[in-house]
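Per-entry structural report
This is what each chain is made of:
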Amino acid sequence: MTTATAQLLTVPEVMARLNLGRSTVYDLIRSRRLPSLTIGRARRIPASALDTYIRHHLEEAA
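Residues numbered from 1 in each chain as written. Predicted model: local features only at pLDDT ≥ 70, side-chain atom pairs only at ≥ 80, totals over all residues. Heavy atoms only, no water.

1. Some remarks on the overall build of the protein
Inclusion rule: Working definition: helices are DSSP H or I runs of at least four residues, strands are E runs of at least two. Numbering for both runs from the N terminus. Using C-alpha atoms as the atom set, the radius of gyration is obtained and then compared with a globule rule of 2.2 Å times the number of residues to the power 0.38. Using a 1.4 Å probe on the protein chains alone, a residue whose accessible area is under 20% of its type maximum counts as buried, one over 50% counts as exposed, and one in between counts as partly exposed. By definition in these notes, contact holds between two residues if any of their heavy atoms fall within 4.5 Å. Per-residue and other accessible areas were derived by the Shrake-Rupley procedure at a 1.4 Å probe size, with only the shown protein chains allowed to occlude residues.
The helix and strand tally for the protein stands at four helices and three strands. Beginning at the N terminus, the succession of helices and strands in the protein can be written as α-β-α-α-β-β-α. Relative to the compact-globule value of 11 Å for 62 residues, the protein shows a C-alpha radius of gyration of 12 Å, a close match. Each of the three principal axes of the protein carries a C-alpha extent, and together these read 35 × 25 × 20 Å. Residues counted as buried form 24% of the 62 residues belonging to the protein. Excluding contacts between residues fewer than 6 apart, the proportion of contacts in the protein whose partners are at least 24 apart in sequence is 44%. Element-wise, carbon and sulfur atoms account for 53% of the exposed surface of the protein, whose accessible area totals about 4500 Å².

Printed below as a string of structure tokens:
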């Protein structure tokens, strides 16, 4: 796996990291709270976008 592809996460990888279900992750993507991109038919989430999402929610909780 190259560095560029290692920075793009699949929906199942995001599900595992956030401990959320598939539909919840797609809802986050659909509502644009979690940025993503489509490559062909594959949906990918940049690792930096996931980090930003988590950081934002941690700051709100503090």
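2. Here we look at the sheet that holds strand β2 (residues 37-39)
Quick reminder of the rule: In this description, strands pair whenever DSSP reports at least two bridges between them.
If you walk across this open sheet you meet the three strands as β1-β3-β2, and the pairing is antiparallel. Single-partner strands in this sheet number two, and they are β1 (8-9) and β2. Pairing between β1 and strand β3 (residues 42-46): two bridges, direction antiparallel. Bridge pairing links Leu9 to Ile45 in β3.

3. Observations concerning the nonpolar core
Defined as follows: Here, the term nonpolar core denotes a set of buried Ala, Val, Leu, Ile, Met, Phe, Trp, Tyr and Cys residues that are joined through side-chain atoms within 4.5 Å.
Counting residues in hydrophobic clusters, the biggest one holds 13 residues, and the most contacted among them are Val11, Val14, Val25, Ile29, Leu34, Ile45 and Leu50. For this core, the elements supplying multiple residues, two or more each, are α2 (11-18), α3 (22-30) and α4 (47-61). For this core, the leading source of residues is α2, giving four residues.

4. Some words on unusual backbone geometry
Of note in the backbone geometry, Asn19 takes a positive phi value of approximately 55° without being a glycine. By the secondary structure assignment, Asn19 is in the loop between α2 and α3.

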